[in-house]
Amino acid sequence: MKTFILASASPARRRLLQAAGIEPRVIVSGVDESAIEAPGGAALAGTLAELKALAVAEAAGVAGTDALVLGCDSVLELDGDVLGKPADADEAVARWKAMRGRSGVLYTGHCLVDAGSGSNTSKTVGTVVHFAEPDDEEIAAYVATGEPLHVAGAFTIDGLGGVFVDRIEGDHGNVVGLSLPTLRVLMSILGVRITDFWRGRIES
C-alpha cells in the first residue's frame, strides 16, 4: 500500500482523511501563499494546492518513492473578492461584518501527485455558504476565541463558526477543507483505490 502524505498542516484535513480510513503523514510545503496571485478564488485555490503538492512531492526523501501527495488550499470568494486568512483581529471583525447575512463560495483546490511517476491530477470544488447574521457582540466574541484568524474566510463550519452558517449548497467536507468524493476520483485517475487503505479495517 502506498504512503499517503498530506502537504498541509490543517488538523481539519487530517481528521477528514482519518475518518475516510487514511492515516496520512504530514509534511508542510513551505509555499508562501501571500506571494501567489491568480484571477479569482477558484484559480487561486487550485494554483496553491498544486504548488503545495508538487513542492512536497519533489522534496528530498519523497521524490521517487511510492508516496501519494495531496495538496489542498481553500479560499472564500465574496462578491468577487478573494478572502484568505485575515491578517489580524481587526480584519476578522471587519470581514464578518461584511459577510453576515450574505452568501459566498468556498473554493478548495485539490492536487494529488504520485511521487514515484510524477503524474498528478487536480480539481477545484466550490461550495456555496450562506452566512447567518451575528450581531456585533457575537462577532467580537467569536474573533476573541482566535479561531477565525487561522482559517480561510475567517470561519470554520466544523468549529465555533458553524453556529454562524445558516446552510450550504454542496459538499460539507469541502468547506471543512477537503472534498472526500473528489479525493476518491483523483486517486482513481492515478490508479489507486481509496478502499485499499481500508485493509486493516475489513473483517475477514
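The structure contained in this document is the topic of the report that follows. (Residues numbered from 1 in each chain as written. Predicted model: local features only at pLDDT ≥ 70, side-chain atom pairs only at ≥ 80, totals over all residues. Heavy atoms only, no water.)

Here Leu 106 shows up in strand S5 (residues 103-114). Residues Leu 106 and Ser 8 lie 98 residues apart in sequence; the distance between their C-alpha atoms is 18 Å. In contact with Leu 106, other than residues within four places in its own chain, are Ser 74, Val 75, Leu 76, Val 125, Gly 126, Thr 127, Val 129, Phe 155, Asn 174 and Val 175. (Helix = DSSP H or I, 4+ residues; strand = E, 2+ residues; numbered from the N terminus. Contact = heavy atoms within 4.5 Å.)

What follows is about the nonpolar core. The biggest cluster of nonpolar side chains holds 38 residues, and the ones touching the most others in it are Phe 4, Leu 70, Trp 96, Leu 112, Phe 155, Leu 183 and Met 187. Ranked by residue count, the leading element in this core is strand S3 (residues 68-78), at five residues. Leaving out residues up to four positions away in the same chain, Phe 4 has contacts with Leu 17, Ile 22, Glu 23, Pro 24, Arg 25, Leu 68, Leu 70, Leu 112, Leu 183, Met 187 and Phe 197. Judged by nonpolar contacts, the second largest core, of twelve residues, contains Ala 7, Ala 49, Ala 53 and Ala 67. (Core = buried A, V, L, I, M, F, W, Y, C linked by side-chain atoms within 4.5 Å. Buried < 20%, exposed > 50% of the residue type's maximum accessible area, 1.4 Å probe, protein only.)

What follows concerns the packing of aromatic side chains. Taken as a whole and assessed by the stated rule, the structure comprises six aromatic pairs. Between Trp 96 and Phe 131, the aromatic rings sit 5.4 Å apart at their centres with planes inclined by 80°, giving edge-to-face as the arrangement. One end of the pair, Trp 96, is in helix H3 (residues 89-99); the other, Phe 131, is in strand S6 (residues 120-131), with 35 residues separating them in the sequence. Residue classification places Trp 96 among the buried positions, given a relative accessible area of 1%. The exposure class of Phe 131 is buried, given its relative accessible area of 3%. Aromatic pair Trp 96 and Tyr 142: ring centres 6.0 Å apart, planes at 85°, arrangement edge-to-face. Note that Trp 96 is positioned in helix H3 and Tyr 142 in helix H4 (residues 136-144), a separation of 46 residues in sequence. Classification of Tyr 142 as buried rests on a relative accessible area of 3%. Aromatic rings pair up to connect Trp 96, Phe 131, Tyr 142, Phe 155 and Phe 164 into one cluster. (Phe/Tyr/Trp six-rings, centres within 6.5 Å; stacked < 30°, edge-to-face > 60°.)

Everything listed here is a matter of coordinates, which is why it stays silent on function.
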